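Spelled out from the first residue to the last, the chains are:
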Amino acid sequence: MINFSKLQIQFTKNAKKKITQLIKNDMNENLYFRIYITGGGCNGFQYKFKLEKKIKKNDFFMQQKFKIVIDAISLNYIQGGTIDYQETLTGTKFVVLNPNAKSTCSCGTSFSI
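No experiment lies behind these values; they were computed from the predicted model shown.

Engineer: How should the pattern of salt bridges be read in this particular structure?
Structural biologist: Charged atoms that come close allow side chains of opposite charge to pair. Considering all chains together, one arrives at three salt bridges under this definition. Among the ionic pairs, Glu52 bridges to Arg34, the shortest N-O distance being 2.6 Å. In this pair, Glu52 sits in strand 4 (residues 45-52) while Arg34 sits in strand 3 (residues 32-39), placing the two residues 18 residues apart along the sequence. Both residues of the pair, Glu52 and Arg34, belong to the buried class. Put simply, Glu52 and Lys50 hold a salt bridge, and the shortest N to O gap is 3.3 Å. Relative accessible area serves as the criterion here: at 14%, Glu52 is assigned to the buried category. According to the relative accessible area criterion, Lys50 is partly exposed, its value standing at 35%. When salt bridges with common partners are traced through the structure, they connect Arg34, Lys50, Glu52 and Asp59 into a single cluster.

Rendered as structure tokens:
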């Protein structure tokens with residue numbers, strides 16, 4: 001684990017509130033909020049988020065109101081981005097505002113570089 005206190009990823013107030021709530025609902029304050037990128041989706045890559053109990057040796061770590069982890073490859077794709085949480089009539093989801101993305105799908109869950 002690499003402690004990287006100045007990850008260039010921002011979280012909106014809504015995202016921070018939702019992540020804190022998810023961890024609280026799980027009743028395990030030792031959980032990590034993982035951000036990662038996978039292949040697939042409309043535009044080539046997809047944003048993924050999950051709560052984890054364990055982190056990997058080469059993960060980057062940042063402490064805010066909660067613990068954030070991200071692998072080096074995913075970090076390269078979303079460095080400088082902002083994570084938001086949106087509740088709309090069509091559903092609820094985390095959304096990444098990514099300055100590195102050349103294009104995104106209309107639902108905001110996939111992107112290309």
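Past the structure itself, the notes keep going.
Engineer: Help me out: how do you make sense of unusual backbone geometry in this one?
Structural biologist: Peptide bonds are mostly trans, and most non-glycine residues show a negative phi. Even without being a glycine, Met27 presents a positive backbone phi close to 55 degrees. Topologically, Met27 is positioned in the loop between helix 1 (13-26) and strand 3.

Engineer: Explain the sheet that holds strand 8 (residues 91-97) here, please?
Structural biologist: What the three strands build is an open sheet, ordered 2-7-8; its pairing is mixed. Where the open sheet ends on each side, the last strands, each with one partner, are strand 2 (10-11) and strand 8. On top of the sheet, helix 1 reaches strand 2, strand 7 (82-88) and strand 8; it is set at about 80 degrees to strand 7, its chief contact.

Engineer: How do you make sense of the nonpolar core when you look at a structure like this?
Structural biologist: Residues Phe11, Ile35, Ile78 and Ile83 are the most contacted members of the largest nonpolar core, which totals 21 residues. Put simply, the parts of the chain that give this core at least two residues each are helix 1, strand 3, strand 5 (60-63), strand 6 (67-70), helix 2 (72-78), strand 7 and strand 8. In contact with Ile35, other than residues within four places in its own chain, are Phe11, Lys48, Phe49, Ile68, Val69, Ile70, Asp71, Ser74, Ile78 and Ile83.

Cut-offs and rules
Residue numbers run consecutively from 1 along every chain, following the written order of its sequence. Thresholds applied to this predicted model are a pLDDT of at least 70 for local features of residues and 80 or more for the giving and counting of side-chain atom pairs; totals over whole chains, interfaces and linings are not thresholded and use all residues. Computation of side-chain values covers all heavy atoms of the structure but excludes hydrogens and water. Any Lys or Arg side-chain nitrogen located within 4 Å of an Asp or Glu carboxyl oxygen qualifies as a salt bridge. Strands are runs of DSSP state E lasting at least two residues, helices are runs of H or I lasting at least four, and both sets are numbered from the N terminus onward. The cut-offs for exposure are 20% and 50% of the maximum accessible area for each residue type, with area from a 1.4 Å probe on protein chains only; residues under the lower value are buried, those over the upper are exposed, and the others partly exposed. For two strands to be treated as a pair, DSSP must find at least two bridges joining them. The contact definition used throughout considers only heavy atoms, calling two residues in contact when any of these lie within 4.5 Å. Note on definitions: angles span 0 to 180 degrees between N-to-C directions of axes, and those axes are lines fitted to C-alpha atoms, for helices only across the stretch in contact. Put simply, buried Ala, Val, Leu, Ile, Met, Phe, Trp, Tyr and Cys residues joined by side-chain atoms within 4.5 Å make one nonpolar core.

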